[in-house]
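Per-entry structural report
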Amino acid sequence: MALEHLEDEAKAVTQLTRLIGLDRTDRDSAALLADLLRPTAGEDPTARTTLVDALGVLEELAESPEEKATLLAETAGLLDQMSDGKERAADSRERCLLYTSDAADDSLRGDL
């Protein structure tokens, strides 16, 4: 559902959250939801949690290691702000490093 057809951002967030809950392959909805939540996720724990989920959907659908690493790094920063997110933040950073080393390995293979 297009954002312009929704009455306000809160309703858009609710609708988009439902959509990605039903279809975790909906990249457009997850990206729009992430864009809507980024400005408030620093101060709003609910927005932060929902943004972490949206970023997880985007990371699952990302095709390049660089994109996956970027999304995981953003996720780790958000998880660090959660009282129960430290372990998941560390896991996200570890996965991020794996993707960045894979990308570097691919780049080196291309130079050979």
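For the structure given in this document, a descriptive report is provided here. Here the structure is a predicted model, which means the values were calculated and not measured.

Cut-offs applied
In this numbering scheme, every chain counts its residues from 1 along its sequence in written order. Under the rules for a predicted model, residues below a pLDDT of 70 receive no local features and side-chain atom pairs below 80 are neither given nor counted, while totals for whole chains, interfaces and linings still include all residues. Hydrogen atoms and water are omitted, and side-chain values are computed over all heavy atoms in the structure. Helix and strand definitions follow DSSP, with helices as H or I runs of at least four residues and strands as E runs of at least two, each counted in order from the N terminus. Exposure classes here rest on a 1.4 Å probe applied to the protein chains alone. A residue is buried below 20% of its type maximum, exposed above 50%, and partly exposed in between. Residues are treated as being in contact if the distance between any of their heavy atoms lies within 4.5 Å. Throughout, nonpolar core names a set of buried Ala, Val, Leu, Ile, Met, Phe, Trp, Tyr and Cys residues whose side chains join them through atoms within 4.5 Å. Salt bridges, as used here, are contacts in which a Lys or Arg side-chain nitrogen is within 4 Å of a carboxyl oxygen on Asp or Glu.

1. Focus: the side chain of Glu-59
Note that Glu-59 resides in helix α3 (residues 45–61). A residue is classified by how much of its surface remains accessible, and Glu-59, at 7% relative accessible area, is buried. Setting aside residues up to four positions removed in sequence, Glu-59 forms contacts with Lys-68, Leu-71, Leu-72, Arg-95 and Tyr-99.

2. Considerations on the nonpolar core
Formed by 25 residues in total, the largest nonpolar core has its most connected members in Leu-33, Leu-51 and Leu-55. Of all elements in the fold, only α1 (9–22), α2 (27–37), α3 and α4 (65–80) reach the threshold of two or more residues within this core. Per element, the largest residue contribution to this core is eight residues, and it comes from α3. In this structure Leu-55 touches Ala-34, Arg-38, Leu-71, Glu-74, Thr-75 and Leu-78, once residues within four positions along its chain are discounted.

3. So, the pattern of salt bridges
Opposite charge on two side chains permits them to pair, given that their charged atoms come into close proximity. Scanning all chains against the criterion turns up eight salt bridges. Of the charged contacts, one joins Asp-53 and Arg-24 as a salt bridge, the two residues approaching to 3.3 Å between their closest N and O atoms. One end of the pair, Asp-53, is in helix α3; the other, Arg-24, is in the loop between α1 and α2, with 29 residues separating them in the sequence. For Arg-24, a relative accessible area of 32% translates into the label partly exposed. For the salt bridge of Arg-27 with Glu-67, the shortest nitrogen-to-oxygen distance reads 4.0 Å. You can see Arg-27 sitting in helix α2 and its partner Glu-67 sitting in helix α4, a full 40 residues away along the chain. It is possible to trace a salt-bridge network through shared partners that takes in Arg-24, Asp-53 and Glu-60.

4. Some thoughts on the side chain of Ser-29
Among the secondary structure elements, Ser-29 is positioned in helix α2. Ser-29 gets classed as buried once you look at its relative accessible area, which sits at 9%. Residues contacting Ser-29, with those up to four places away along its chain left out, are Leu-16, Leu-19 and Ile-20.

Purely spatial values, then, with no claim about function.
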